[in-house]
Amino acid sequence: MIKKLIPVYENQTPLVVLELIQGHKISEIMSRNVVSVKPDVTMREVKLMMKDRGISGMPVVRQKRLLGIISVEDLLNALEDGLMDDSVEKHMSRNPVILEEQMPVSFAIDYFENYSFNRFPVLNESKELVGMLTDRDIIMHMIKVMNGEIGRLEELAKHGHHTEIGNVIRRYAVVQNDFKNAGKASSEIKALLQEHDVDRKIIRAAATAIYELEINQVVHSLGGEIVCRISDDHVEVLARDRGPGIKNIDLALSEGFSTATDWIRSMGFGAGMGLPNIKRVSDDFRIKSSESGTEIKVIINLPEDS
Amino acid sequence: MNIKELNDKLKFELLTKCPDSEIKKAYTSDLLSDVMGNAPDDSVLITIQAHKNTIAVASLAGINAIILCNNRKAPEDMLPAAESECIAILQTGLNQFDASVTVARALDLCS
Ligand SMILES: Nc1ncnc2c1ncn2[C@@H]1O[C@H](COP(=O)(O)OP(=O)(O)O)[C@@H](O)[C@H]1O
Ligand SMILES: [Mg+2]
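Residues numbered from 1 in each chain as written. Chains lettered and ligands numbered in written order. Predicted model: local features only at pLDDT ≥ 70, side-chain atom pairs only at ≥ 80, totals over all residues. Heavy atoms only, no water.

Chemist: Would you mind showing me how to read the interface of chain A and chain B here?
Modeler: How large an interface is tends to be reported as the accessible area lost when its parts come together. On the side of chain B, 23 residues touch chain A, which itself brings 22 residues to the contact. Taken together, the two surfaces of chain A and chain B that pack against each other cover about 1700 Å², and 48% of this comes from carbon and sulfur. Where chain A meets chain B, there are three salt bridges. In this structure, the salt-bridge partner of Arg-204 of chain A is Asp-41 of chain B, at a minimum N-O distance of 3.6 Å. There are eleven residue pairs in polar contact (both at pLDDT 80 or more) connecting chain A and chain B. Where the side of chain A that touches chain B is concerned, the elements lending two or more residues are α8 (184–195), α9 (200–220), α11 (262–266) and α12 (274–281) of chain A. By residue number, the principal contributor to the side of chain A that touches chain B is α9 of chain A, which donates six residues. Of the residues contributing to the side of chain A that touches chain B, the split by class is eight nonpolar, seven polar and seven charged. (Contact = heavy atoms within 4.5 Å. Buried area = accessible area lost by both parts, 1.4 Å probe. Salt bridge = Lys/Arg side-chain N within 4 Å of Asp/Glu carboxyl O. Polar contact = N/O pair within 3.5 Å; in protein donor to acceptor, adjacent residues only side chain to side chain. Helix = DSSP H or I, 4+ residues; strand = E, 2+ residues; numbered from the N terminus. Nonpolar A, V, L, I, M, F, W, Y, C, P; charged D, E, K, R; others polar.)

Take a look at the structure:
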């Protein structure tokens, strides 16, 4: 494993953190009120603007197009050479490294590791400047999410009963096209149910439902998560993803319907039996879907004696 | 019949360690959702799906051995995955139909 500056590893990093860096887009955490300058502004004016606002760099923009970045360093050089009446355009660094607003936060973390810049301009799909991202933005966002998550864990720790089978909660992040890790949720839950001597048929039903939900997220979605709650009398599986959603749910639920590509079919997936299988093995099955994601909730009852 | 006894009759090539599990039935399919949904417990799976996901499905479905037909090669990560799940992998040049017939005879499933 390569040693990284920011220690985030797929296998060892807690889910909350993985979710934070893979499940959120740069557009959600960047600063939107960007102070920018036009290319014909003088270096002297730039110096005043930076001083007034206490910032150390600004994007140079013409009609929403990013032309370059002007930094304190460029300012110092101009000062030294007595070129403060030059336009910004002459001193800015051109072709700045940019981020796109749709990228996951994990990209930004990589960028901060690979480049020594403190900020990156963020462009939208039409290549217009829509924000700036600093390492501070990432830290603030991380603290916000951690607050929420740790609060939730504390609540759980207060109220949860740990030794009984009752109230076990497991979350699994599912990454698009990550076939290697598909099956992790189902095999762990299977093992858990086996430890509690749950009937073999019921374990099979739960494993089937969870596996098909995982595979569907890997194959058909942009990524998501599987949350399994095991209580004394049932297993609840909640599969949520980030889109693109199912256009026609009735069609998707019919046996044999699949939008899988040939490549996926050649691996033995895409038979169009996943959702029908899930429905068949579960005691309750709910599905809702929109462009921003699909949410499927499945319940499998655990009979009294198990 | 355990896997070793079965393969003494089949004489397929054993690619993994041979766990001592029972084989009672067989299932032939290349569709993993079909295997997941329908393969019986304690069975041998006859398939051409030579990759690691087949192991995940087999393990979840209670399949104890996998026969790869048409001499499909098992990729590098498939064999250790199989061994850690105590699943045996056998390989044969026969196609799925012929392998199924051979297994049915060996397991005495032809009535
Ligand atoms: N999480 C999902 N996100 C988007 N589309 C999905 C999702 N799950 C299922 N689908 C759609 O429903 C169809 C049927 O799913 P399924 O019955 O599991 O069959 P298969 O996965 O073999 O295609 C898929 O081909 C896909 O078009
Ligand atoms: Mg599916």
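Chemist: Explain the pattern of salt bridges to me, please; I cannot follow it from the model alone.
Modeler: Side chains carrying opposite charge are able to pair once their charged atoms draw close together. Scanning the entire structure with this criterion turns up twelve salt bridges over all chains. Measuring nitrogen to oxygen at the nearest pair gives 2.6 Å for the salt bridge that ties Glu-225 of chain A to Arg-171 of chain A. Of this pair, Glu-225 of chain A sits in strand β8 (residues 223–230) while Arg-171 of chain A sits in strand β7 (residues 168–175), and the two are 54 residues apart along the sequence. Given the relative accessible area of 9%, Glu-225 of chain A is considered buried. Since its relative accessible area comes to 23%, Arg-171 of chain A is described here as partly exposed. Here Arg-229 of chain A ties to Glu-236 of chain A by a salt bridge, and the two come within 3.6 Å at their closest N and O atoms. Residue classification places Glu-236 of chain A among the buried positions, given a relative accessible area of 15%. Residues joined by salt bridges that share partners form a network here, namely Arg-200 and Arg-204 of chain A together with Lys-24, Asp-41 and Asp-42 of chain B. (Buried < 20%, exposed > 50% of the residue type's maximum accessible area, 1.4 Å probe, protein only.)

Chemist: Help me understand the side chain of Ser-29 of chain B, please; the structure alone is not making it clear to me.
Modeler: Residues and elements named next belong to chain B. Inspection of the secondary structure assignment puts Ser-29 in the loop between β2 (25–28) and α2 (32–38). A distance of 3.1 Å separates the side chain of Ser-29 from the backbone nitrogen of Leu-31, its partner in a polar contact. Discounting residues that sit within four places of it in the chain, Ser-29 has contacts with Asp-34, Val-35, Leu-45, Ile-46 and Thr-47.

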